[in-house]
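# Remarks on the overall topology
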Amino acid sequence: MTKGVGSPARQSNLMEDLEQPAAKKREASGSKISGKAIFSIAASVISVIVLSFAIWSMYSNYMNDPRRAAWTPTLKDVETGEVFEQFSVARGSNMPYRNPKTGKNNLYPVEACYWTKEGKAKMTPTYVILNSTLGKPGKTTCPDCGRTVVMYNPRPPEALMKAAWESEQPKNK
Ligand SMILES: [Zn+2]
């Protein structure tokens, strides 16, 4: 059983509707591909290639930049007490790091203490390896001022730091 009175007419309309756009497209593509169109297609293809090359080369420059992976902490030799500022830690190496001078794996990251015994600030900090870094129990105290040193050790107040900076400036005669 087929349904409907108007269905044959509808069908033919539908067929036309389906066919027309395709025909139009064919016409359009036939007439509009000109030199300009080819040029603009070529230009956009080239610009995509150039752009992706630029992105790729930037990315590979970035990947090859040694600073990308460089981690340059301040390290201290647990035996000799020597401090290495901005030490270039080799990729993939683990703590304790190798001291290039002694050849021993004695370097640990440090916290900086900017306090003096007198309760003032100083510009050149004392570097302290935390007990927790060494796996030792208990609080870490600064060997210079005796204060407790913690991870992300806070600096003295700005006013004290400024006073310290001023006192270290060469005096005018
Ligand atoms: Zn201290």
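Anyway, here's the lowdown on the structure attached to this text. (Residues numbered from 1 in each chain as written. Predicted model: local features only at pLDDT ≥ 70, side-chain atom pairs only at ≥ 80, totals over all residues.)

The next subject is the sheet that holds strand 1 (residues 75-77). Remark on secondary structure: sheet strands pair via backbone hydrogen bonds, oriented parallel or antiparallel. Reading across from one edge, 2-1-4-3 is the order of the four strands in this open sheet, with antiparallel pairing throughout. Strand pairing shows two members of the sheet lacking a second neighbour, strand 2 (83-84) and strand 3 (97-98), which therefore form its edges. With three bridges connecting them, strand 1 and strand 4 (residues 105-109) associate as antiparallel partners. Residue pairing for strand 4: lysine 76 is matched across the bridge by tyrosine 108. (Pairing = 2+ DSSP bridges. Helix = DSSP H or I, 4+ residues; strand = E, 2+ residues; numbered from the N terminus.)

What follows covers the nonpolar core. Counting 13 residues, the largest nonpolar core has Val110, Cys113, Trp115, Val128 and Cys142 as its most contacted members. Elements supplying a minimum of two residues to this core: strand 5 (111-115) and strand 6 (121-128). In this structure cysteine 113 touches Pro125, Thr126, Val128, Cys142, Asp144, Cys145, Arg147, Val149 and Asn153, once residues within four positions along its chain are discounted. (Core = buried A, V, L, I, M, F, W, Y, C linked by C-beta atoms within 7 Å. Buried ≥ 20, exposed ≤ 12 C-beta atoms within 10 Å, placed from the backbone. Contact = placed C-beta atoms within 7 Å.)

As a further point, take unusual backbone geometry. Here the residue pair methionine 95 and proline 96 is connected by a cis peptide bond, since its omega of -5° sits within 30 degrees of zero. If you trace the backbone, proline 96 turns up in the loop between strand 2 and strand 3. The phi angle at glutamine 86 is positive, at roughly 50°, despite the residue not being glycine. Tracing the chain through its elements places glutamine 86 in the loop between strand 2 and strand 3. On the neighbour-count criterion, glutamine 86 (10 C-beta atoms within 10 Å) is exposed.

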